[in-house]
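Residue strings, one per chain:
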Amino acid sequence: MPAEHDTRPLGRSGIHVLPLGIGTNKWRRADRGAALETYRTIHDAGPSMIDTAESYFSERVVGDCLRTGPTRAVIASKFLPLPGRTSPRRLIRALDGSLARLGLETIDLYYVHYPLPLIDLAMFAEGLVEAVKSGRARAVGVANFNADQMRRIADHLARASIPLAANQVNYSLLRRAAETNGVLDACRELDVALVAYFPLASGRLTQASNSMVTKALLMCLADIARAHDVSISQVALNWLLARDSHVIPIPGATKPDHARANLDALGWRLSETEFDAIDRASAKDET
Ligand SMILES: NC(=O)c1ccc[n+]([C@@H]2O[C@H](COP(=O)([O-])OP(=O)(O)OC[C@H]3O[C@@H](n4cnc5c(N)ncnc54)[C@H](OP(=O)(O)O)[C@@H]3O)[C@@H](O)[C@H]2O)c1
């Protein structure tokens, strides 16, 4: 389990979280017992980020978990922009809906789920500013924004003295576009957290054999996993953590054992040689 002090900042928001959070988009009410146990596992580890969205059914399940008592977890949810649903007023109304489902007065981090073509980013920025100024959100972020969109929305927010806390993008050993499309560089330059979704490539990086991953990468991960007496998924998560201190992966887990195992990826480090070997082996797998 990680040490309490081992946290990463959500940009310049003043909020610190454990370097690994959890994605909940598969949490279901039917599995309430498992969701609650998974939540307790995460909660007991420290200030973990729990990721949900108004478009996930899990927002209600996370709300059920939060109603069991005071929490140390850091809660993040997302506004779903749709054509005709982009105004600052609609964003605030959506946030009020999320807060009600979660049973919170203030959310720690509120994202815009993705940019919409032809919609002025100033519209979203205005809504996010109002979310913070009204006390509904402690910090704000975006998801699936490219580097240019990130810089533009960060500029808008800066005019109201609000930092962009995070950009949540698809990032794993099988999807390394953030390293070459400017998003990771922009996160470093603007001091914004890169929250990595699909960090286990939707489960493809959890199995010793998978037809969608090259043998070279799987063998490399398996050899390193054996040397540290850990699992392949722990090696894959550890690599993302070592890649850059702005990266905060949010592996999805519906099983408490998976959540526990993922947190254990925090208790050790890859050597530089191991990091480089994975780097080389994964280059061939990129999509
Ligand atoms: N912003 C966006 O546009 C966006 C888009 C997609 C997803 N997301 C967020 O990102 C989160 C992560 O995505 P994801 O859950 O689809 O993909 P993922 O994290 O890459 O993979 C999750 C899969 O890996 C399994 N798993 C997790 N830990 C494991 C372990 N230690 N050992 C073996 N298997 C393990 C899970 O199984 P179990 O479920 O059985 O535990 C699940 O099948 C989502 O929950 C969501 O919050 C955001």
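Here, the structure is the one placed above.
Treat the numbers as computed from the prediction; the structure is a model and nothing was measured.

About the cut-offs
Residues numbered from 1 in each chain as written. Predicted model: local features only at pLDDT ≥ 70, side-chain atom pairs only at ≥ 80, totals over all residues. Heavy atoms only, no water. Pairing = 2+ DSSP bridges. Helix = DSSP H or I, 4+ residues; strand = E, 2+ residues; numbered from the N terminus. Axes fitted to C-alpha atoms, helices over the stretch in contact; angles between N-to-C directions. Parallel < 35°, antiparallel > 145°, perpendicular 65-115°, else oblique. Left-handed = near helix turned anticlockwise from the far one by under 90°. Contact = heavy atoms within 4.5 Å. Nonpolar A, V, L, I, M, F, W, Y, C, P; charged D, E, K, R; others polar. Core = buried A, V, L, I, M, F, W, Y, C linked by side-chain atoms within 4.5 Å. Buried < 20%, exposed > 50% of the residue type's maximum accessible area, 1.4 Å probe, protein only. Near = heavy atom within 4 Å. Polar contact = N/O pair within 3.5 Å; in protein donor to acceptor, adjacent residues only side chain to side chain. Right-handed = clockwise from strand over helix to strand, strands pointing away. Phe/Tyr/Trp six-rings, centres within 6.5 Å; stacked < 30°, edge-to-face > 60°.

Some remarks on the sheet that holds strand β3 (residues 22-23)
(1) Moving on: Taken in spatial order, the eight strands of this open sheet run β3-β4-β5-β6-β7-β8-β9-β10, and their pairing is parallel. Edge positions in the sheet fall to β3 and β10 (247-249), since each has one partner strand and no second.
(2) Moving on: One ladder, built from two bridges, connects β3 with strand β4 (residues 49-51); its direction is parallel. Its bridge partner being in β4, Ile22 is matched across the sheet by Ile50.

Here we look at the packing of helix α1 (residues 32-45) against helix α2 (residues 58-66)
(1) Moving on: Between α1 and α2, whose axes approach to 10 Å, the crossing angle comes to 60°. One element, α1, and the other, α2, form an angle in the oblique class. Between α1 and α2 lies a crossing of right-handed hand. Mapping the contact onto sequence places Arg32, Ala35, Leu36 and Tyr39 in α1 and Val61, Asp64, Cys65 and Leu66 in α2.
(2) Moving on: Grouping the constituent residues of the contact of α1 with α2 by class yields six nonpolar, no polar and two charged.

Points about the nonpolar core
(1) Moving on: Counting 85 residues, the largest nonpolar core has Tyr110, Leu194 and Ile278 as the members making the most contacts within it.
(2) Moving on: Beyond its immediate sequence surroundings of up to four residues, Leu194 is in contact with Asn167, Val169, Tyr171, Ala178, Val183, Leu184, Cys187, His246, Val247 and Ile248.
(3) Moving on: Core analysis: the next-biggest nonpolar cluster, separate from the first, contains 15 residues, Leu10, Val17, Met49 and Val195 among them.

Observations regarding the site of the ligand
(1) Moving on: Around the ligand lies a shell of 29 residues, among which Asp51, Gly252, Thr254, Lys255 and His258 are the nearest.
(2) Moving on: With respect to the ligand, the side chain of Tyr56 contributes an N or O atom lying 3.4 Å from a nitrogen atom.
(3) Moving on: Between the ligand and Asn144, the relevant distance is 2.9 Å, taken from an oxygen atom to a side-chain nitrogen or oxygen of the residue.
(4) Moving on: Tallied by class, the residues present in the shell around the ligand amount to eleven nonpolar, 14 polar and four charged.

Some points on the pairing of strand β6 (residues 107-112)
(1) Moving on: Among the six residues of β6, six are classified as buried, and the element is accordingly described as predominantly covered.
(2) Moving on: One ladder, built from four bridges, connects strand β5 (residues 74-79) with β6; its direction is parallel. Across the sheet, residue Phe79 finds its bridge partner in β6, namely Val112.
(3) Moving on: The handedness of the β5 to β6 crossover, carried by helix α3 (residues 88-102), is right-handed.
(4) Moving on: With five bridges joining them, β6 and strand β7 (residues 137-143) adopt parallel strand pairing. Paired with Val112 across the strands is Val142, a residue of β7.

Examining the packing of aromatic side chains
(1) Moving on: Within this structure, the stated rule accounts for three aromatic pairs.
(2) Moving on: Relative to Phe124, the ring of Phe79 has its centre 6.5 Å away and its plane inclined at 65°; by these criteria the two rings are edge-to-face. Remark: Phe124 occurs in helix α4 (residues 121-133) and Phe79 occurs in strand β5; sequence separation between them is 45 residues. Both residues of the pair, Phe79 and Phe124, count as buried.
(3) Moving on: Residues Tyr197 and Phe198 carry aromatic rings whose centres are separated by 5.0 Å and whose planes lie at 75° to one another, so their mutual orientation is edge-to-face.
(4) Moving on: Residue Phe198 is classed as partly exposed on the basis of its relative accessible area, which comes to 39%.

Here's the deal with unusual backbone geometry
(1) Moving on: The backbone of Phe198 shows a phi angle near 55°, a positive value even though the residue is not glycine.
(2) Moving on: Positive phi outside glycine occurs at Asp229, with the angle close to 55°.
(3) Moving on: Tracing the sequence through the fold places Asp229 in the loop between α8 (215-228) and α9 (232-243).

Quick notes on the packing of α1 against helix α10 (residues 256-263)
(1) Moving on: The N-to-C vectors of α1 and α10 enclose an angle of 20°; their axes lie 8 Å apart at closest approach. The angle between α1 and α10 places the two elements in the roughly parallel class. In terms of crossing hand, the pair formed by α1 and α10 is right-handed. Residues Ala34, Glu37, Thr38, Thr41, Ile42 and Ala45 of α1 form the contact with α10, whose participating residues are Pro256, Ala259, Arg260 and Leu263.
(2) Moving on: For the contact of α1 with α10, the residue count by class is six nonpolar, two polar and two charged.

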